[in-house]
Amino acid sequence: ERKGIGRLRRLPSRLISGEDVELLANIEIANELPLLHRNGAAGIGLLRTEFLFDESEPLPDEDGQYAVYAGLLADMQGMTTTIRVLDWGGEKGLARLRQLGIHDEQEEENPALGVRGLRLLLRHPEILEAQLCAILRASLEGKCRILLPMVSSVNEVIATRQIYERCARRLRRRGVKLPNDLPPLGVMIETPAAALTAGALVRQADFLALGTNDLTMYTLAVDRSASMGSALYTALHPSLLKLLRLSVDEALRAHRPICVCGEMAADPRSVALLIGMGLRSFSMSAASLPAVKRMIRSLSIDACDDLYRRAMLVEDPIQLTELVRSFAC
Ligand code: PEP
Ligand code: MG
């Protein structure tokens, strides 16, 4: 088995009909990097920075974060690293919010629907600025992109880009030699509002990332942590496919990269369906890479297109799940 994976790592991630598919890894802590390399990821599609720093210690300042990001980028040896800014709120980072004294405003009845992700950072721009400055400095050590979580309106992206450019100006004044083209700034599509306005978002964003975990929760009104594994919580629902398709169409029309980084990308048959939808980039836990790659290397684009066409005709989520589960590969 290990030998098989070693060989698989060096083989291209390519359909039998010749199309290349990019396989990236989702990373939470730096010690996952050896597995990422062993399983042949082409880069990091999602670095969840809210898990990167030990919560029993204070959040590192700009210099402290810079050291961590720079180390990661050096380890990635020129492969793209997508660094998502802190996605606190909802079920994540409550200890940290308490520590920073911003927990009180977080005591909401429905934290999943509250001030979280980018909304929270825009209310505390000093935290966002320190992180963006640290990433910008680290970007001199490797290839990176920056990703914004929990976007629901285009004005959040416009406001963040202004802060981002201000950070770059400040660093240049400090003598940091940043390239003219700053690292791309991308938007996560993980609320129905974002998916439905993907056209406006893509005009403000350099790339999109589909977060199917939260998108499933918010679209189906089913809590992701309480209902994981329950039949109610499934990305294989016609509503999800429609929302994903809207985002894919807008990204392709605008020639912007788009990637799937929710759990759906770790399911080989769902990946076949998403390839049929037009997607060519998937980010998943490092452990899931070999199974998805094996599947990709056994598929033709025609089979993916056919699965996708049939899936879009299904109105019943149970039938949709059966269709995808019975897909022969
Ligand atoms: C998602 O919501 O699909 C996602 C990738 O982000 P996270 O799982 O970190 O919320
Ligand atoms: Mg999410």
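What you see is a predicted model; the values in this text were computed from it and never measured.

Our next topic: the overall build of the chain. Along the chain, the regular secondary structure elements total 16 helices and 8 strands. Here the C-alpha radius of gyration of the chain, 20 Å, is about what a compact globule of 329 residues would show, namely 20 Å. When its C-alpha atoms are laid out on the principal axes, the chain stretches across 55 × 45 × 40 Å. Counting every position in the chain, which comprises 329 residues, the buried fraction comes to 41%. Considering only residue pairs separated by 6 or more positions, the chain has 70% of its internal contacts joining residues 24 or more positions apart.

Attention shifts here to the site of ligand 1. In the region of ligand 1, the neighbouring residues are Leu46, Arg48, Asp87, Glu190, Gly211, Thr212, Asn213, Asp214, Cys261 and Gly262. For the shell around ligand 1, the elements supplying multiple residues, two or more each, are strand E2 (43-48) and helix H10 (212-220). In terms of residue class, the shell around ligand 1 is made up of 2 nonpolar, 4 polar and 4 charged.

Now for helix H14 (residues 289-296). A turn of α-helix holds 3.6 residues, and therefore any two residues three or four places apart point the same way. All of the buried residues in H14 are Leu289, Val292, Lys293 and Ile296. Down the axis, H14 shows its buried residues gathered within 100° of arc, on one side only.

Nonpolar side chains tend toward joint burial in soluble globular proteins. Val187, Ile189 and Leu208 are the most contacted members of the largest nonpolar core, which has 91 residues in total. It is helix H6 (residues 125-138) that provides the largest number of residues to this core, a total of 7 residues. If we ignore the near neighbours within four places in the chain, the residues touching Val187 are Leu148, Val151, Val157, Ala194, Leu201, Ala205 and Leu208.

Turning to its location among the elements, Asp305 is positioned in helix H15 (residues 301-312). On the basis of neighbour counts, which here come to 15 C-beta atoms within 10 Å, the residue Asp305 falls in the partly exposed class.

Let us look at helix H7 (residues 154-173). For H7, built from 20 residues, the straight-helix expectation of 28 Å at 1.5 Å per residue is met to within 8% by its first-to-last C-alpha distance of 29 Å. What H7 keeps buried is the set Glu156, Val157, Thr160, Tyr164 and Cys167. One side of H7 holds all its buried residues, which, seen down the axis, span an arc of 90°. Seen from the buried face of H7, the exposed residues on the opposite side, beyond 90 degrees, are Asn155, Ile158, Gln162, Arg169, Arg172 and Arg173.

Another point: unusual backbone geometry. The backbone of Gln77 shows a phi angle near 45°, a positive value even though the residue is not glycine. Along the polypeptide, Gln77 turns up in the loop between helix H3 (62-75) and strand E3 (80-84). At Met150, a position not held by glycine, the phi torsion is positive, near 55°. Mapped onto the fold, Met150 is located in the loop between strand E4 (144-148) and H7.

Glancing now at the packing of H10 against helix H12 (residues 238-253). For the pair H10 and H12, the least separation of the axes is 10 Å and the interaxial angle reads 125°. Relative to H12, the element H10 lies oblique. Judged by the sense of rotation from one axis to the other, the crossing of H10 with H12 is right-handed. Seen from H10, the contacting residues are Leu215, Thr216 and Thr219; seen from H12, they are Ser239, Leu240 and Leu243.

What follows covers the pairing of E2. Most of E2 is tucked away, with 5 of its 6 residues classed as buried. Relative to E2, strand E1 (residues 22-27) runs parallel, the two being bridged by 3 bridges. Within E2, the position partnered with Ile27 by the bridge is Leu47. Once you follow E1 into helix H2 (residues 33-38) and on to E2, the crossover reads as right-handed. Crossover E2 to E3 through H3 is right-handed.

Further remarks concern the packing of helix H13 (residues 268-277) against H15. Running from N to C, H13 and H15 point in directions that differ by 90°, and their axes come no closer than 7 Å. Comparing their axes, H15 and H13 come out roughly perpendicular. Contact residues: Ala272, Leu273, Ile275, Gly276 and Met277 in H13; Cys304, Asp305, Leu307, Tyr308 and Ala311 in H15.

Here we come to the pairing of E3. Counting buried positions over the 5 residues of E3 gives 4, a clear majority of the element. Across 4 bridges, the pairing between E2 and E3 is parallel. Bridge pairing links Leu47 to Ile83 in E3. Both E3 and E4 contribute to a ladder of 4 bridges, which runs parallel. Directly across from Thr82, in E4, lies its bridge partner Arg145.

Here the focus is the confidence of the model for the chain. Any segment with low pLDDT has predicted coordinates that should not be analysed in fine detail. When pLDDT is averaged along the chain, the result is 94; 96% of the residues meet or exceed 70. Confidence metrics for the complex model read pTM 0.96 and ipTM 0.99.

What counts, and where the lines are drawn
- Residues numbered from 1 in each chain as written.
- Chains lettered and ligands numbered in written order.
- Predicted model: local features only at pLDDT ≥ 70, side-chain atom pairs only at ≥ 80, totals over all residues.
- Helix = DSSP H or I, 4+ residues; strand = E, 2+ residues; numbered from the N terminus.
- Rg over C-alpha atoms; globule rule 2.2 N^0.38 Å.
- Buried ≥ 20, exposed ≤ 12 C-beta atoms within 10 Å, placed from the backbone.
- Contact = placed C-beta atoms within 7 Å.
- Near = placed C-beta within 6 Å.
- Nonpolar A, V, L, I, M, F, W, Y, C, P; charged D, E, K, R; others polar.
- Arc of directions from axis to C-beta.
- Core = buried A, V, L, I, M, F, W, Y, C linked by C-beta atoms within 7 Å.
- Expected span 1.5 Å × (residues − 1).
- Axes fitted to C-alpha atoms, helices over the stretch in contact; angles between N-to-C directions.
- Parallel < 35°, antiparallel > 145°, perpendicular 65-115°, else oblique.
- Left-handed = near helix turned anticlockwise from the far one by under 90°.
- Pairing = 2+ DSSP bridges.
- Right-handed = clockwise from strand over helix to strand, strands pointing away.
- pLDDT = per-residue confidence, 0-100.

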